[in-house]
Structures are given as C-alpha cells and as structure tokens.
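Structure assessment
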Amino acid sequence: MTEAPGDGTRADGSRADGTRADGGGSHGAGDSDDGVPEIAVIEGDGIGREVVPAAVKVLDAVGDYEFTAAAAGDAVLDETGEALPVETYDLAAAADATLFGAAGESAADVILPLREAVGSFVNVRPARAYPGVDALRPEMDLVFLRENTEGVYAGHEDRLADDVSTLTRVVTESASRRLGAFACEYVAERDRDGFTVVHKANVMRETDGRFRDAVLAEAEAAGVDADTALMDAFATRVCLDPDRFDVIVCPNLAGDVLSDLAAGLVGGLGLLPSANLGPERGLFEPVHGTAPDIAGEGVANPSATILSAAMLVESLGDADAAARIRTAVEEVLSDGPRTPDLGGAATTADVTDAVLARL
Ligand code: NAI
Ligand code: MG
C-alpha cells in the first residue's frame, strides 16, 4: 500500500477536488439501500480497543447507523503479515465514514493509507480547553488544519549509502491551494476570525515558501484575514499567548507535532479529536496513539474518540447529534466522573456511561 501521490489523485483514480465532506448532509457511496449510513469501525491496537467501542455506543445512542468492523494494526500484522488488510482499506474507501482508534508500531502502514482510502486532504484538529479540566491554558480554543497528503510524510525515504539516509519532501501547489481554500471556507462557516499559516520558509524556502504563498493566495482571493508565523517561534507563542491565534494552517509534520503540543496545554491527549476529511467521506480518530502504558487497564479517557464521533455525525449532516454529543462530553468533563489522566479515578466505562446518560 502506498501513500497518496500528493496531487489529489486517489487510489481509485478519481480526484479530490477540494469540495467538503463535513456538513453538506449528503451521504457517500457507502449508503446502504435503506439509506442508513454505513460506518466502518477500525479499533486497531491498545486503547483503540477500549475507546472505539465507547464511541460506537454513543453513536448508536444518537442515530441509526450500520456498523461494519474491520481489523488493522500490530495484532492483525502478527496474524496475517499485513497491518492493513485490503478488505479494511476497501471498507474505509466505500463506507460513508470511518471511525478509527489507533495502531501501534505499524501506525504509518495503517493510518497513511487509510487517509488515502477516504481521499482525505486535510486533518482537522480542534484543541480547546474545557471548564472543570485542569489545563495549563484554560482559555485555549484553537483549530489546527493539517495538510494530510504530502510534506515529509509523503514517504520518499532512501538509504543512499552506509552512512547516508535521505528524505524527499513533497509540496505541491495544488495540495497547498486546496488546503488554503478549505481553511477559508472553514473560517467563514465557523465564524472564526482568520487563520495563521505556520511554516519554516526562512530555511525551507522552496517547499515551505510554496506552501505559505499558496495558502495566503487563497486567503487573499477569498478576503479572509490571514497571517503567518515561523514554526519554532509559534511553538513558544502558542504556549505564552494562545489567544493570539485562532485557526492554524500547517504542513503535515508540523500539524502532527504542534497539535500534540496543544494537547499538553489543554489537559492531555485524551481530549483531542480529529477528522480526516475528503471530498466525499472522512475518517475520524483521536489524535492520540495506542497508549501502551495504560492499555488493557480500562482507564483510557474516551473523550477524544467520542468527540471524534461528534465530528463524524456532523460530516454525515447531523449537526444536532454532533451538538448533543459535544454537550454531553462537556458536562461530564466539567462534573465528572474523570479518568486518571484528568486526575480522577473513573474507568473508561464509567465515563462512557455518564456521557450516555447525559445525551
Ligand atoms: P500515545 O498518544 O499513545 O500516548 C502518549 C501518552 O498519552 C501516554 O502516556 C498515554 O498513556 C497518554 N494517553 C494517550 N491517549 C490517552 C487517553 N485516551 N487517555 C489517557 N491517556 C492517554 O503516544 P505514544 O506513547 O508516543 O505512542 C504509542 C503507540 O501509538 C506507538 O506505537 C505509536 O506508533 C502509536 N501511535 C499511533 C497513532 C495512530 O494510529 N494514529 C498516533 C500516535 C501514535
Ligand atoms: Mg501524532
């Protein structure tokens, strides 16, 4: 399985043209005959097997969905020699939406092709603090829009000699423009003030320079307020003065790293959901990984995955269900019960039951 070629061409030869999957209300080709949306459920490894079932219970409580389970990750790799069986890839490519947990050491062989399977060009990662949750930055409310097809994750690594390894970084005008156009729509639809393009074009003049300029050109064309920040300085400023930022548009690797940084500022990885959006469908997953240090103990915080499920139902056009889920999670985060990562002693099941009771 290879990573997306980066020009928007999907595995099936069609093109991701930059139209949105998150709110149009139309279902993709996976709709079953009865009109019930089909959701692919891929738990993966570690706490994925604990938090995904929690989110499925919540989805089941807010709507009528058909769930189809599929395997991916280290466990199925051990069993079959493949971290991402072709059936799983095909299921994600055809389902109306996919809910994914996390994969362990095989993560790159699972999540990169799965993002390609759904034609995703952007990873939306809201990072906000919640009342009642101890946070270094309790006022923080940011959204990271991470480029999802290229940059250093395009995967062209080589070993040229015993002493030399190389990585080719791919940045295209089309993918950068498409992300910029998405960011403009996002800002307008969500009543955000504008966005900041995070880059390192003072050093990577060609690749990050192209990325920055292409995204800014879309902002100018759309009349959206946009500014820029150097990636390293941004890392400091977002800690000291997060209010200064609103929506952050960043290259692939920067978005990965900086959103984990933001998780640390709002109370931890157990809180951050994400949506990998393509033109017709999306894949929804927590920002966190398999958390091997707590896997199997039943104490993982399911909030990130349940909030990812809220983004999923929103992508299927059910804004009411998304709002109900978010409100229930917010209430439970505020009043408890809380899992140990947030200073509580509750289990995943306790928190899930509390969310279900608030729906
Ligand atoms: P991680 O996100 O799994 O864990 C980092 C820390 O955050 C750990 O202390 C963990 O206990 C805590 N944490 C994460 N999610 C939590 C939750 N829901 N509730 C409570 N605590 C939580 O990152 P790490 O340890 O770097 O990676 C572990 C494995 O996950 C690796 O094998 C890595 O490859 C994989 N991974 C997979 C991803 C994916 O499939 N998309 C993404 C990131 C990592
Ligand atoms: Mg990450």
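Up top you'll find the structure we're talking about.
First, a word on scope: everything that follows refers to the structure included in this document. Computed from a prediction, not measured in an experiment: that's the story for all the values here.

Calculation rules
Residues numbered from 1 in each chain as written. Chains lettered and ligands numbered in written order. Predicted model: local features only at pLDDT ≥ 70, side-chain atom pairs only at ≥ 80, totals over all residues. Heavy atoms only, no water. Helix = DSSP H or I, 4+ residues; strand = E, 2+ residues; numbered from the N terminus. Rg over C-alpha atoms; globule rule 2.2 N^0.38 Å. Buried < 20%, exposed > 50% of the residue type's maximum accessible area, 1.4 Å probe, protein only. Contact = heavy atoms within 4.5 Å. Areas by Shrake-Rupley, 256 points an atom, 1.4 Å probe, with all protein chains shown as cover. Lys, Arg positive; Asp, Glu negative; His and termini not counted. Charge placed at Lys NZ, Arg CZ, Asp CG, Glu CD. Pairing = 2+ DSSP bridges. Axes fitted to C-alpha atoms, helices over the stretch in contact; angles between N-to-C directions.

The secondary structure content of the chain amounts to eleven helices and twelve strands. For a compact globule of 359 residues, the expected C-alpha radius of gyration is about 21 Å, and the chain comes in at 19 Å, within 12% of that figure. The principal-axis extents of the C-alpha atoms in the chain amount to approximately 50 × 45 × 45 Å. The burial tally for the chain puts 55% of its 359 residues in the buried class. Taking the intrachain contacts of the chain between residues at least 6 apart in sequence as the baseline, contacts between residues at least 24 apart amount to 74%. Looking at the chain as shown, the accessible area adds up to about 14500 Å², and 49% of this sits on carbon and sulfur atoms. When the 27 positive and 65 negative side-chain charges of the chain are each reduced to one mean point, those points stand 6 Å apart.

Let us now look at the sheet that holds strand β8 (residues 195–199). The strand order across the open sheet formed by ten strands is β2-β1-β3-β12-β11-β4-β5-β10-β8-β9, and the pairing between neighbours is mixed. Among the strands making up the open sheet, the edge pair consists of β2 (66–69) and β9 (226–230). Going across the sheet, the axis of each strand differs from the next one's by a mean of 25°, ignoring polarity. Bridge count between strand β5 (residues 141–147) and strand β10 (residues 247–250): four bridges; the pairing is parallel. What sits directly across from F144, in β10, is I248. The strands that helix α7 (residues 231–240) touches are β5, β8, β9 and β10; relative to β9, the one it contacts most, it runs at about 100°.

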